[in-house]
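# Structural overview for review
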Amino acid sequence: MRLNSRSIARDVTTTAACLTAVLAGTALPATATAAAPSEPAAYALASTRGFTPLAAGDCTADAACVLAPAPRGGVLDDHAALTQAITTAAGRTVPAVVAADGTTVITPATTATVLLTGGTYRVTRGLKLPPNVNLRGAGIGATTILMDPTLNWRNFAYSYLILPNGVTEAGSTNLVSDLTVNGNCRTGAGAFDDAVLPGRPGQPCDFRETVGAHANTGGGISAGDRWTVRQVRFTNFEYFKLWVNGTTGVQVVDNRFDNRGGAESDGEDNIGGGGRNTGTLIEDNRYDATINGNAFDFTNAKDTTIRGNVVVTSPAVAAARGVPEYGNMYLEAVYGGTVTGNHLQGAHIVLKSNSDYSHTGPNRDVTQPRGILVAGNTVRDSYTVGIAVAYDDYLDADGTAGTPGGWDDSSTSTTDHLVRPGGANVIRDNVIERPRQSGILVYGSTAAKTSADTITGNLVVNAGAGGSASYNTGAGYFDTSGIGLSVGSNDVIAGNTVVDDQAEPTTWYGVQIGARKATSRPVYLSLSGNTATGVIAGPVRTVTLAPEAPTGLVASGSTLTWQESYATGNPIAGYRVYRNGLPVANLPVGSAAIPDNLLGADAAGLENATAGTAGWTVSGSSSKVTRSTAGGANGSASLQLTALRDGQISTSSSPVAATAGTTYTSVASFQALGAGRQVRAGLAFTDAAGKVSRLGSANVATVDSTTGWMTSSYSAVAPAGTVSVQTFLMVERAVIGESHLIDRIGLVTGASTEQWTASAALSGTYQVVAYRTGDGELSAVTEIRIP
């Protein structure tokens, strides 16, 4: 279990008409989306299902009910008396009659009940329940079972206050209800009150220091087959609060989890386990903001139902413990199940495999999330993604992934593990508000997912609020979007609504298809009927050939400067600048002036040249340089470089004094007057002996065209002995007679060749993106916050 939370070869194929319309910004008809959720009731112990405790009078009138002795003031050990009552009740049970298949019940078991009176029972070891023996209290706030580890803490090492006695019986049932279990983490604490912070948040439990107990001491309840745990308050525990492992048919209904009354807990899960348990129901439980650890985390489970639970967390509690978040729901290696109608405040839902665990025992083979319905949930103010689905596997010693198999299969090889592929998950009709990252993400390994997922009818509001603009999932980078998908075939994203209604928006895209720096991307995707309102950049983002983000963003006074982006596909066409998510500048070629240009203030160094080309030379006799009469990139004249023979043509600026060991950058924008060619910026370094070293960019994505200006830049450290440096600008594979314009030429110390100047001093958060030619695909966002 986890403590707290952690941090394709083909092009995308879509329903063509729908994707074309979305890319063009055309509104598409939306399907029904999730309705606005109602607010959950305030945390309280009273049953939300109408369950009532068993009355003492009803117990005495029932031959199958044993009324336990009253507690001895919460000071003396009540373990022996309670164990005797349990033994007496066990003698009044009758096992179920079960068919030959071992599971079909012909005649149900006769159960017996131990009823506890009001007050606090202190026990120095766990209470072990036989099959068919129920343990009930006088009420969730009336009866308490208090752990006492001071006599011998090892009685509770890796163990619990209430647990099965180790005997299994086909068709048996057990009920534990109407009481509080208290792990005594904070000595004497845990009375129910209106506290908003736990006692000494994040500090180890008191008994660990006083008796030397380890961190896996003293859990709440460990359930057995067909146990029902109902109307139980869990508080003040070092170890897991409720453990459901290797069981079948457990029901966890209408319970309460908190650390009020000066209590505190360690970060183990509130409901944890797995062990290939089956048919578990987690329903209508309430988690207070004082809890610690995940609300729920199963690893290796099947057919799990999680519905109607309310989890509320608090930034103040997280900060007091020094953690970013808590209260999350993790379904790790869960095969089949539903997660519906839950309300999470400050927490999120994750479906993933078990590949992150040590690859031994039950986690040697890997199970991917499969066949899970996540629907009708409300997720608010998540520290990360609202709902995440991750597919991942590990590599064996020979460097290969696991061999595919099913739920009932297991590996018998000592060198190869088995992987149970995932997919066929449905995420629909959820409301996700203000996640610090994207609303819904599906990502991971192509080999680990063999069936399509469906994402439909969800409402995502103000994704990225309070968070960053992009982040790494470990399987590629996503920019803040309503929905992101980077793995799968024939997946469906339809009828979702993404809204950003903030004055300073934080959602960049409605849907992101593919992840940056990922090894695969989705194919045959059906994308239709989604709407995006108020997003910063656009309704759909594809990242197949997105340029790299601008780097080196620096603010000084009223000016931002940054380095050129690296084009990974089509050339860079320009840059956009945003302030607090709102556009403030569009620089189609780049900034009008190159910051600290060593060649002069004007764009190409030509305006003050008598002949228009003074200071510019060509290499050999392959080309000639003239001054163009056409308007340049920034409205002035440009250099015109004409090929006198086939091959590379180039030109160099006048030399500028340089210092060895210093970084220099050259930059230029190119435009073809005929056929477009690959263009490159470079540097020519000269030493005292006159030896020239010419270096140039190898970026093949920098190509000029006849319609726009394409920019190339190159940075290098001046070698030893350097006395001067020149810009060195090249056009490759030119044909005799053709010409290319060159403008916005710069040579700078350092690497920043772009800038934008505001009309007043800078303040707020500024974001800069590059965009490429053709589809205008944006780079990732580079941002800077200025007080």
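Residues numbered from 1 in each chain as written. Predicted model: local features only at pLDDT ≥ 70, side-chain atom pairs only at ≥ 80, totals over all residues. Heavy atoms only, no water.

### Observations concerning the overall build of the protein
As a reminder of what qualifies: We count a stretch as a helix when DSSP gives it H or I for four or more residues in a row; a strand needs E for two or more, and each element gets its number in order from the N terminus. Buried, partly exposed and exposed residues are distinguished by accessible area as a fraction of the type maximum, computed with a 1.4 Å probe on protein chains only: under 20%, between the cut-offs, and over 50%, respectively. Note on areas: Shrake-Rupley, 1.4 Å probe, and residue coverage restricted to the protein chains presented here. When charges are counted, Lys and Arg contribute as positive and Asp and Glu as negative, whereas His and the chain ends are disregarded. Where a charge sits is defined by one atom per residue type, namely NZ (Lys), CZ (Arg), CG (Asp) or CD (Glu).
Assigned secondary structure in the protein consists of five helices and 61 strands. Projected onto its principal axes, the C-alpha coordinates of the protein cover approximately 115 × 50 × 50 Å. Burial status across the protein gives 58% buried among its 787 residues. Looking at the protein as shown, the accessible area adds up to about 28800 Å², and 53% of this sits on carbon and sulfur atoms. Of note, the protein has its 51 positive side-chain charges centred 1 Å away from the centre of its 62 negative side-chain charges.

### Some words on the state of the cysteines
Test applied: The disulfide criterion used throughout: a pair of cysteine sulfur atoms within 2.5 Å.
On inspection of all chains with the given rule, the structure shows two disulfides. The residue that forms a disulfide with Cys59 is Cys65, at a sulfur-sulfur distance of 2.0 Å. Across the S-S bond of Cys59 and Cys65 the torsion is about -100°, and the bridge reads as left-handed. Across the pair, exposure class does not vary: Cys59 and Cys65 are buried alike. Between Cys185 and Cys205 runs a disulfide, and the two sulfur atoms are separated by 2.0 Å. Its S-S torsion of about -95° marks the bond between Cys185 and Cys205 as left-handed, since a negative value means left-handed.

### Quick word on the confidence of the model for the protein
Under the convention used in this document: The predictor attaches a confidence to each residue, called pLDDT, with possible values from 0 through 100. Should any heavy atoms of two residues lie within 4.5 Å, those residues are considered in contact.
Mean pLDDT over the protein: 90, with 92% of residues reaching 70 or higher. Across residues 1-32, confidence stays below pLDDT 50; counting only partners more than four residues off in sequence or on other chains, it has 87 contacts. In this model residues 601-612 is a low-confidence stretch, pLDDT under 50, and it forms 29 contacts with partners more than four residues away in sequence or in other chains.

### Here's the deal with the sheet that holds strand β28 (residues 403-404)
As a reminder, the rule being used: For two strands to count as paired, DSSP must find a minimum of two bridges between them.
Ordered in space as β24-β29-β28, the three strands form an open sheet in which the pairing is parallel. Since the sheet does not close on itself, it has two edges, and those belong to β24 (366-367) and β28, each with one partner. Strand direction decides the pairing type here: β24 and strand β29 (residues 418-420), joined by two bridges, are parallel. Within β29, the position partnered with Thr367 by the bridge is Arg420.

### Looking at the side chain of Gln726
As a reminder of what qualifies: By the criterion applied in these results, polar contacts are pairs of N or O atoms within 3.5 Å in which, for protein atoms, one can donate a hydrogen and the other can accept it, and in which residues neighboring in sequence qualify only through two side-chain atoms.
Within the secondary structure, Gln726 sits in strand β57 (residues 722-734). A distance of 2.7 Å separates a polar atom in the side chain of Gln726 from the backbone oxygen of Ser653. Among all residues touching Gln726, those that are not within four sequence positions of it are Ser652, Ser653, Ser654, Pro655, Gly682, Leu683, Ala684 and Thr686.

### Describing the packing of aromatic side chains
The condition is simple: Pairs were defined over the aromatic rings of Phe, Tyr and Trp, the Trp ring being its six-membered one, requiring ring centres within 6.5 Å. Orientation was assigned from the angle between planes: stacked under 30 degrees, edge-to-face over 60, tilted for the rest.
In total, this model carries 13 aromatic pairs according to the counting rule given. Residues Phe234 and Phe257 carry aromatic rings whose centres are separated by 4.8 Å and whose planes lie at 5° to one another, so their mutual orientation is stacked. Of this pair, Phe234 sits in strand β12 (residues 227-235) while Phe257 sits in strand β15 (residues 256-257); the two residues are 23 residues apart in sequence, bridging distant segments of the chain. For the pair formed by Phe234 and Phe257, the shared burial category is buried. Ring centres of Tyr335 and Trp407 lie 5.6 Å apart, and the angle between their planes is 25°; this geometry places the pair in the stacked category. Here Tyr335, found in strand β21 (residues 329-340), pairs with Trp407, found in the loop between β28 and β29; they are 72 residues apart in sequence, far enough to count as distant. The exposure class of Tyr335 is buried, given its relative accessible area of 16%.

### A short note on the sheet that holds strand β44 (residues 554-556)
The criterion, for reference: Axis lines are fitted through C-alpha atoms, for helices just across the contact stretch, and the angle between N-to-C directions can take any value from 0 to 180 degrees.
A sheet is described by the order of its strands in space; here three strands give the open sequence β44-β45-β59, paired in antiparallel fashion. Two strands in the sheet have a free side with no partner beyond their single neighbour: β44 and β59 (752-757). In this sheet, neighbouring strand axes are inclined to one another by 25° on average, regardless of whether the strands run parallel or antiparallel.

### So, the pattern of salt bridges
The condition is simple: We define a salt bridge as a side-chain nitrogen of Lys or Arg found within 4 Å of a carboxyl oxygen belonging to Asp or Glu.
What the rule picks out here adds up to 33 salt bridges. Here Arg200 ties to Asp206 by a salt bridge, and the two come within 2.5 Å at their closest N and O atoms. Since its relative accessible area comes to 16%, Asp206 is described here as buried. Here Arg434 makes a salt bridge to Glu433, at a shortest N to O gap of 3.8 Å. Overall, the relative accessible area of 33% leaves Arg434 in the partly exposed class. Judged by relative accessible area, Glu433 falls into the buried class, the value being 15%. Several salt bridges converge on common partners, so that one network encompasses Glu39, Arg380, Asp381, Glu433 and Arg434.

### Quick word on the pairing of strand β47 (residues 582-587)
As judged from the five bridges shared by strand β46 (residues 572-579) and β47, these two strands associate in the antiparallel manner. Each bridged residue has a counterpart across the sheet, and for Val577 the counterpart in β47 is Ala585. Hairpin connection, β46 to β47: the antiparallel pair is bridged by two residues, and Asn580 has positive phi, about 55°.

### Structural notes on helix α3 (residues 79-90)
Residues lying three or four places apart along an α-helix face the same way, a consequence of the helix completing one turn every 3.6 residues. Filter applied, for reference: The span you would expect from a helix comes to 1.5 Å times its residue count less one. The directions from the helix axis to the C-beta atoms are what the arc is built from.
The terminal C-alpha atoms of α3 lie 16 Å apart, and with 12 residues this matches the ideal 16 Å at 1.5 Å per residue to within 8%. Taken together, the buried positions of α3 are occupied by His79, Leu82, Ala85, Ile86 and Ala89. Seen end-on, α3 carries its buried residues on one side only, within an arc spanning 130°. At its buried positions, α3 is contacted by β1 (65-67), β4 (112-115), β5 (119-123), β6 (127-129) and β7 (133-136).

### Let's talk about the environment of Ala289
Note on placement: Ala289 falls in the loop between β18 (286-287) and β19 (296-307). Separated by 32 residues in the primary sequence, Ala289 and Phe257 have C-alpha atoms spaced 9.1 Å apart. With near-sequence residues (within four places) excluded, Ala289 lies in contact with Val312, Thr313, Ser314, Val317 and Tyr326.

### Section: the nonpolar core
Spelled out, the test is: By nonpolar core we mean a set of buried residues, namely Ala, Val, Leu, Ile, Met, Phe, Trp, Tyr and Cys, connected to one another through side-chain atoms within 4.5 Å.
Among the nonpolar cores identified, the biggest contains 89 residues, and Ile145, Ile162, Val181 and Ile221 are the most heavily contacted of them. In this structure Ile162 touches Leu127, Leu129, Leu135, Ile145, Val176, Val181, Gly220, Ile221, Ser222 and Trp227, once residues within four positions along its chain are discounted. Judged by nonpolar contacts, the second largest core, of 25 residues, contains Ala643, Val656, Ala716 and Leu729.

### Regarding unusual backbone geometry
Of note in the backbone geometry, Asn132 takes a positive phi value of approximately 70° without being a glycine. Looking at where Asn132 falls in the secondary structure, it is placed in the loop between β6 and β7. For Asn132, a relative accessible area of 1% puts it in the buried group. Residues other than glycine seldom take positive phi values, yet Arg226 does so here, at roughly 60°. Mapped onto the elements, Arg226 comes out in the loop between β11 (219-222) and β12. Overall, Arg226 belongs to the partly exposed group, its relative accessible area being 25%.

### Notes on the side chain of Gln437
Summarising the element assignment, Gln437 is placed in the loop between β31 (431-433) and β32 (440-444). When residues no more than four places from it in sequence are discounted, the contact partners of Gln437 are Thr384, Val385, Ala463, Gly464, Tyr471 and Thr480.

### Considering the environment of Gly690
Structurally, Gly690 is set in the loop between β54 (679-687) and β55 (692-696). A relative accessible area of 45% places Gly690 in the partly exposed class. In the structure, Gly690 is positioned 33 residues away from Val723 in sequence and 9.2 Å away in space, judged by C-alpha atoms.

### Comments concerning the environment of Arg125
In this structure, Arg125 sits in the loop between β5 and β6. Counting along the chain gives 47 residues from Arg125 to Asp78, while the straight-line C-alpha distance between them is 9.8 Å. Once residues lying within four places of it in the same chain are set aside, the contact partners of Arg125 are His79, Asn155 and Phe156.

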